[in-house]
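A look at the structure
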2 protein chains.
Amino acid sequence: MAKTTRSSERSSQRRVDALTRERIVEAAIDLLDSQGEGGLTFRALAARLETGHGAIQWHIANKNELLQAAADAVISSAVTGVADGVTPPERIRGIALAVFDAIDAHPWVGTELSREPWQPAVLRIFEGVGGQLHALGVPQGARFDAASTLLNFILGLAGQYAAGARLIGHATDRQAFLADLAARWSDLDPARYPFAHQVAPQLRDHDDREQFLAGVDLILAGMTAPGYPGGGVPCPIRPAEGTTKTPDASAVNTPSA
Amino acid sequence: MAKTTRSSERSSQRRVDALTRERIVEAAIDLLDSQGEGGLTFRALAARLETGHGAIQWHIANKNELLQAAADAVISSAVTGVADGVTPPERIRGIALAVFDAIDAHPWVGTELSREPWQPAVLRIFEGVGGQLHALGVPQGARFDAASTLLNFILGLAGQYAAGARLIGHATDRQAFLADLAARWSDLDPARYPFAHQVAPQLRDHDDREQFLAGVDLILAGMTAPGYPGGGVPCPIRPAEGTTKTPDASAVNTPSA
DNA sequence: ACCTGAACACCGTTCAAGT
DNA sequence: ACCTGAACACCGTTCAAGT
């Protein structure tokens, strides 16, 4: 063992705070959390890591790569923590809520997710929800569309929620922000905006997290509804006992043709 | 009439190409369409309008306001063109597709919609879909959540689709882009990413517009599914005859308490 | 009221030069 | 291989000064 760790020994003989990709991403997350989305610049990052900004760009090519790496670190740890061994709809809800809570804690993640398609973090979410559709009873031909629907809903909320957080500071300001927005909706011409005018009171008092979960449930309900492909089968939101076990990879990958 | 048009006569006596908010927004849209999202700068706009960039910022305070105005102009004209007098689900589909097509023609609109919550353009979409929910049979208490779900789905796709368009040039490149992405999904470790690995072929051949419509239909199906509030009532996607007329504003605004 | 253009305070990225 | 720091080519925004 002493022999095999030669290279890691050598790296540990450098300055303890050697500049690594990992440390850069970590510092970027700290900076984004504490200073907001505008707070991440190569110069600020360089100051925090006590180096030049050119040094950072030797490890990470550009800002896009840095943001994707930071978002993936947050989403990866959020999705990994979701309880396993529950029913498929429960797992989908769990993943969705984990993403929501991650964005709530790190609003810049929401901006980043909705900014770049199919970045690693987005793929994780797609896989997380898509992997449950087989066990949920959605037929092979409809799974891609169904997963895409859930993903786009999650990303849509991610963007909106992040934008809201960007606008207001946090928590307490939210009440005032919603009250102000609800007042503006209430003042809208009922002839031109009857719906917005009508739901203004609900806007003021609603809980984003609950509304998000309601959206997930609505889409889950649609997947098993009569009229949707694969819907109408004797499989309500909760699958029949005995089918809740997550199928192994080989079963999932059985070609459908 | 000659007397009442005095002020408009006076303004028409100015240079024909007087700098107005309208002309600025129009030029901004042209610039965004032709040069892409990065093409809109106050300097480029000033050059095109043959003035200084300070002059523009006298009419429009900042870039955010300019982008919102441009997006609203596009969405407004798109939503206005949707056929009236059809069934509620048909109208929701029509509005959703109008938004999709507008983003397809002006990808920067997708970026802008997903960037800022409750800007005028977003409110138009929200009203457009939300206004159909009553006639669709969604009970009062569930309408806000339902409209929000549809809206977030649309905005999620808006952001992703715009990001895709930002990445690739247009049309023909799309085939290559999807083929490349599908190949990468296919190469993913089936043990870690079974779902993405499995749907890779579908990703390569899918049509974004059809998938978008499938998502709208899935959510519509959920609204009338058993298990969802108001679902299970004898009201399939198409409401019973005689209830399809859009209720007038006073009926819609009846307080529910 | 409307427009000008210089000045300010930033950005991300590049790159020759060092160790 | 890894890091430095100056230089480049931009931004949006502000603002005293004009007409």
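The rules behind the values
- Along every chain, residues carry numbers that run from 1 in the direction the sequence is written.
- All chains are assigned letters beginning with A, and all ligands numbers beginning with 1, in the order in which they are written.
- pLDDT decides what is reported in this predicted model: residues at 70 or higher carry local features, side-chain atom pairs at 80 or more are listed and counted, and totals for whole chains, interfaces and linings draw on all residues regardless.
- With hydrogens and water excluded, all non-hydrogen atoms of the structure serve as input to the side-chain values.
- If a single non-hydrogen atom of a residue is within 4 Å of a molecule or strand, that residue counts as near it.
- N or O atoms closer than or at 3.5 Å make up a polar contact, with two conditions inside protein: a donor-capable atom paired with an acceptor-capable one, and, for residues adjacent in sequence, both atoms drawn from side chains.
- Throughout, a residue-residue contact means that at least one pair of heavy atoms, one from each residue, lies within 4.5 Å.
- Accessible area that two parts lose when put together, evaluated with a 1.4 Å probe and summed over both, is termed the buried area.
- One side-chain nitrogen of Lys or Arg within 4 Å of one carboxyl oxygen of Asp or Glu is enough to make a salt bridge.
- Elements are defined by DSSP. Helices are runs of H or I of four residues or more, strands are runs of E of two residues or more, and each kind is numbered from the N terminus.
- The domain boundaries here were taken from an automatic or database domain assignment.
- Throughout this description, buried means an accessible area under 20% of the type-specific maximum (1.4 Å probe, protein chains only), exposed means over 50%, and partly exposed covers the range between.
- As a working rule, the residues Ala, Val, Leu, Ile, Met, Phe, Trp, Tyr, Cys and Pro are called nonpolar, Asp, Glu, Lys and Arg charged, and the rest polar, with Gly in that last group.

Looking up chain A in an unreviewed UniProt entry gives the name TetR family transcriptional regulator, with the organism given as Catenulispora pinistramenti.

Quick word on the protein's contact with DNA strand C
Taken together, the neighbourhood of DNA strand C is formed by 18 residues, with R43, Q57 and K63 of chain A together with T51 and H59 of chain B sitting nearest. Atoms of DNA strand C within 4 Å of the protein belong to the sugar or the phosphate in 47% of instances, the rest to bases. Between a phosphate oxygen of DNA strand C and a main-chain N or O atom of F42 of chain A, the distance comes to 3.4 Å. In the environment of DNA strand C, a base oxygen lies 3.1 Å from a nitrogen or oxygen atom belonging to the side chain of H53 of chain A.

A short note on the interface of chain A and chain B
Put simply, an interface is often sized by how much accessible area is lost when its parts join up. Of the residues lining the interface, 63 residues belong to chain A; the matching set on chain B comes to 63 residues. Buried surface at the junction of chain A and chain B, both sides included, amounts to about 5,500 Å², of which 64% is carbon and sulfur. Applying the counting criterion to the chain A and chain B interface returns zero salt bridges. Counting across the chain A and chain B interface gives 12 residue pairs in polar contact (both at pLDDT 80 or more). Going through the elements one at a time, helix 7 (107–115), helix 8 (120–130), helix 10 (140–167), helix 11 (172–186), helix 12 (194–205), helix 13 (208–223) and helix 14 (249–252) of chain A are the ones with two or more residues in the side of chain A that touches chain B. Ranked by the residues each element gives to the side of chain A that touches chain B, the list is headed by helix 10 of chain A, at 20 residues.

Some remarks on the domain arrangement of chain A
Residue and element names in this part refer to chain A. Taken domain by domain, chain A holds domain 1 (1–61) and domain 2 (85–252). With four residues of domain 1 in contact, the opposing surface of domain 2 contributes seven residues. Both sides together, the interface formed by domain 1 and domain 2 hides about 430 Å², and carbon and sulfur atoms give 58% of it. It is L32, D33 and E37 in domain 1 that bury the most area against domain 2; as a group they hold 89% of the surface buried on that side. Counting the contacts that link domain 1 with domain 2 gives one salt bridge. Note that E37 is salt-bridged to R166, the shortest N-O span being 3.1 Å.

With respect to the pattern of salt bridges
Using the criterion set out here, one finds 22 salt bridges over all chains in the structure. Across the salt bridge formed by D180 of chain B and R184 of chain B, the nearest N and O atoms sit 2.7 Å from each other. A residue pair is termed a helical-turn pair when its members lie 3 or 4 positions apart in one helix, as D180 of chain B and R184 of chain B do in helix 11 (residues 172–186) at four residues. In this structure D180 of chain B comes out as partly exposed when scored by relative accessible area, which is 42%. Where R204 of chain B meets D205 of chain B, a salt bridge forms, and the shortest distance between an N and an O atom there is 3.5 Å. We classify R204 of chain B as partly exposed; its relative accessible area is 38%. Linked by salt bridges that have partners in common, E112, R115 and E116 of chain A make up one network.

Some remarks on the protein's contact with DNA strand D
Among the 17 residues in the neighbourhood of DNA strand D, the closest are listed as T51 and H59 of chain A together with R43, Q57 and K63 of chain B. Each atom of DNA strand D within 4 Å of the protein was assigned to sugar, phosphate or base; sugar and phosphate come to 46%. At 3.1 Å from a phosphate oxygen of DNA strand D is found a main-chain nitrogen or oxygen belonging to G52 of chain A. For DNA strand D, a base nitrogen lies 3.4 Å from a polar atom in the side chain of H53 of chain A. Residue assignment for the surface near DNA strand D shows that the elements contributing at least two residues are helix 4 (53–59) of chain A together with helix 3 (42–48) and helix 4 (53–59) of chain B. The greatest single-element share of the surface near DNA strand D, amounting to five residues, is contributed by helix 4 of chain A. Per-class residue counts for the surface near DNA strand D are five nonpolar, nine polar and three charged.

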